[in-house]
Amino acid sequence: MSAQTDTQAEAALACVELQSDDLVAITTDVWSCFLDEEVYPMPEDAAGLDAESVLASVGIVGAWGGHVLLELPVAGAEAAAKRMLDLEEVTALEIVDALGELTNMVGGNVKSLLPPTCHLGLPMVVQGTVAPAAGTDTIEICRAFLGWADTTVRVSVWAKTNRDRNGLAT
Amino acid sequence: MRALVIDDSRVMRTLLTRDLKKVGYEVLQAEDGQKALDLLETVGDDLPDLCTIDWNMPVMDGLTFVQKVRQRPEWRGITLMMVTTESEHNQLVRALAAGAHEYLMKPFPPEAFLEKLDILGLNPSRSLA
């Protein structure tokens, strides 16, 4: 991490005390309530999230700005939607809806740990390769990897740095 | 009994509808507050006994929907339950001050929703027991 990125990260972290354990607790709660399944923390190097994934994001604005990102491999996202809806087969739209709602719940509970007053946006879901938001005006401040049903769930929180891709203030 | 489930998430509408039907409700759905208001305008005297309302929705959010319903005396018999990820105390207070009767924070275990119905006296399966 460069000196400039370090500074940005420190600034983004200055107003939040969010820990990886918080993300684990929140995600565990969501999975337990809506998928009736246990998730468990797993080491990052065992996560295996290099395949194409479903990425679901929900923005937070207000006293704190950024977003919460939930990532699952495509097969894991499909399994989550099937479990959530209690269906044998699910459509792509149902996967999008399910991941969006899971992210909405994780994001809403992350928001409760942020400074007041913040507002939650509407979730967005895309399918693609896992690519951290490098080069944008956000920086990852916290992440957790969880195992569930032979798949991996990555939850991360990204803070706005008010810097563009060239490091200039926006 | 009739319920109106208002949520932009089709998954949440499906899950809540399933739970409500299990205990004997006839369920209507709307994907935002404005569509829910439009629906209430068309049902005449067949108003729902209960509305479950998400907070964050496009077009019209749940809090605005609650405020709009409470401005209509003929709709005062509808019980309004917020079902939302908005978990801060001030949000709960805002919803109750606007006229919501109950507030359920997501995520919640399946039995928590039914417990809220029991509290409100709106669980048809309990009434029949």
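Up top is the structure these notes are about.
All values derive from a computational prediction rather than experimental measurement.

A. Up close: the pairing of strand β5 (residues 102-105) of chain B. All names here are of chain B. Sheet topology places strand β4 (residues 79-84) next to β5; four bridges connect them, and they run parallel. Along β5, the bridge assignment pairs Thr84 with Met105. Read from β4 through helix α4 (residues 89-98) to β5, the crossover connection turns out right-handed.

B. Broad picture of the sheet that holds β5 of chain B. Residue and element names in this part refer to chain B. If you walk across this open sheet you meet the five strands as β2-β1-β3-β4-β5, and the pairing is parallel. Every other strand in the sheet has two partners, leaving β2 (26-30) and β5 as the edge strands with one partner each. Sheet twist, expressed as the mean angle between neighbouring strand axes with direction ignored, is 20°. Sitting on the sheet, helix α1 (residues 10-22) is in contact with β1 (2-6), β2, β3 (50-53) and β4, with an inclination near 165° to β2. Across the sheet, helix α5 (residues 110-120) lies against β4 and β5, angled at about 170° from β5, the strand it touches most.

C. Representation of the interface of chain A and chain B within the structure. At the interface, 18 residues of chain A touch 15 residues of chain B. Listing elements by their share of the side of chain A that touches chain B, those giving two or more residues are α2 (20-34), α3 (74-85) and α4 (92-111) of chain A. Partitioning the side of chain A that touches chain B into residue classes produces ten nonpolar, five polar and three charged.

D. Up close: the nonpolar core. With 78 residues, the main nonpolar core has Leu70, Ala80, Ala98, Leu99, Leu102 and Val106 of chain A together with Ile53 of chain B as its most contacted residues. When residues in this core are grouped by element, the largest group, eight residues, is from α4 of chain A.

E. Expanded view of α5 of chain B. Residues and elements named next belong to chain B. Listing the buried residues of α5 in full gives Phe113, Lys116 and Leu117. Burial along α5 is one-sided: seen end-on, the buried residues are contained in an arc of 100°. The exposed residues of α5 that point more than 90 degrees off its buried face are Glu111 and Ile119. Packing partners of the buried residues in α5 comprise α1, β4 and β5. Two residues or fewer after α5 comes Gly121, characterised by a positive phi angle close to 70°.

F. Here's a closer look at the environment of Val155 of chain A. Residue and element names in this part refer to chain A. By the secondary structure assignment, Val155 is in strand β7 (residues 151-160). For Val155, a count of 27 C-beta atoms within 10 Å gives the class buried. C-alpha of Val155 to C-alpha of Ser57: the two residues are 98 residues apart in sequence and 9.8 Å apart in space. Setting aside residues up to four positions removed in sequence, Val155 forms contacts with Leu23, Thr27, Leu70, Val106, Arg143 and Ala144.

G. Broad picture of α4 of chain A. The end-to-end C-alpha separation of α4 of chain A is 28 Å, in line with the 28 Å expected for 20 residues at 1.5 Å each. With respect to burial, α4 of chain A is a largely interior element, 17 of its 20 residues being buried.

H. Fine view of the environment of Leu37 of chain B. Residue and element names in this part refer to chain B. As for its position among the elements, Leu37 is in helix α2 (residues 33-42). Judged by C-beta crowding, with 18 C-beta atoms within 10 Å, Leu37 ranks as partly exposed. Along the backbone, Leu37 and Val66 are 29 residues apart, and their C-alpha atoms lie at a distance of 9.8 Å. Sequence-distant contacts of Leu37, defined by excluding residues within four places in its chain, comprise Phe65 and Lys68.

I. The arrangement of unusual backbone geometry in detail. Cis geometry is found at the peptide bond from Pro116 of chain A to Thr117 of chain A, where omega equals -5°. Looking at the secondary structure, you find Thr117 of chain A in the loop between α4 and β4 (118-120). Here Lys106 of chain B and Pro107 of chain B are connected by a cis peptide whose omega angle stands at 0°. As for its placement among the helices and strands, Pro107 of chain B is situated in the loop between β5 and α5. Even without being glycine, Ala149 of chain A reaches a positive phi, approximately 45°. With respect to the secondary-structure elements, Ala149 of chain A resides in the loop between β6 (138-148) and β7. Residue class for Ala149 of chain A comes out partly exposed when judged on the 16 C-beta atoms lying within 10 Å of it. Not every positive phi belongs to a glycine, and Asp150 of chain A is a case in point at roughly 60°. Relative to the helices and strands, Asp150 of chain A is located in the loop between β6 and β7.

J. Main features of the packing of α2 of chain A against α4 of chain A. Residues and elements named next belong to chain A. Contact geometry for α2 and α4: axes closest at 9 Å, N-to-C directions at 140°. By the angle between their directions, the pair α2 and α4 is classed as oblique. When you trace α2 past α4, the crossing you get is right-handed. Taken together, the residues of α4 that come into contact with α2 (itself represented by Ile26, Thr27, Val30 and Phe34) are Leu102, Met105, Val106, Asn109 and Val110. Among the residues making up the contact of α2 with α4, the classes are represented as seven nonpolar, two polar and no charged.

Conventions and cut-offs
- All residue numbers here refer to positions counted from 1 along the written sequence of the relevant chain.
- The order in which chains are written sets their letters, starting at A; the order in which ligands are written sets their numbers, starting at 1.
- In keeping with the predicted nature of the model, local features appear solely for residues at pLDDT of at least 70, side-chain atom pairs appear and are counted solely at 80 or more, and the whole-chain, interface and lining totals rest on all residues.
- For two strands to be treated as a pair, DSSP must find at least two bridges joining them.
- Strands are runs of DSSP state E lasting at least 2 residues, helices are runs of H or I lasting at least 4, and numbering of each runs from the N terminus.
- With the strands pointing away from the viewer, any crossover whose connection runs clockwise from the first strand over the helix to the second is right-handed.
- Lines fitted to C-alpha atoms define the axes here, with helix axes fitted over just the stretch in contact, and angles between the N-to-C directions of these axes take values from 0 to 180 degrees.
- Once C-beta atoms have been placed from the backbone, residue pairs whose C-beta atoms lie within 7 Å are recorded as contacts.
- The classification used treats Ala, Val, Leu, Ile, Met, Phe, Trp, Tyr, Cys and Pro as nonpolar, Asp, Glu, Lys and Arg as charged, and all other residues, Gly among them, as polar.
- The nonpolar core is taken to be a set of buried Ala, Val, Leu, Ile, Met, Phe, Trp, Tyr and Cys residues joined by way of C-beta atoms within 7 Å.
- Here a residue counts as buried when 20 or more other C-beta atoms sit within 10 Å of its C-beta, as exposed when there are 12 or fewer, and as partly exposed otherwise, the C-beta atoms being derived from the backbone.
- Here the arc refers to the directions that run from the helix axis out to each C-beta atom.
- One fewer than the residue count of a helix, multiplied by 1.5 Å, yields its expected span.
- Here roughly perpendicular refers to angles of 65 to 115 degrees, roughly parallel to angles under 35, roughly antiparallel to angles over 145, and oblique to all remaining angles.
- By convention, the crossing between two helices is left-handed when the near helix turns anticlockwise from the far helix through less than a right angle, and right-handed when the turn is clockwise.

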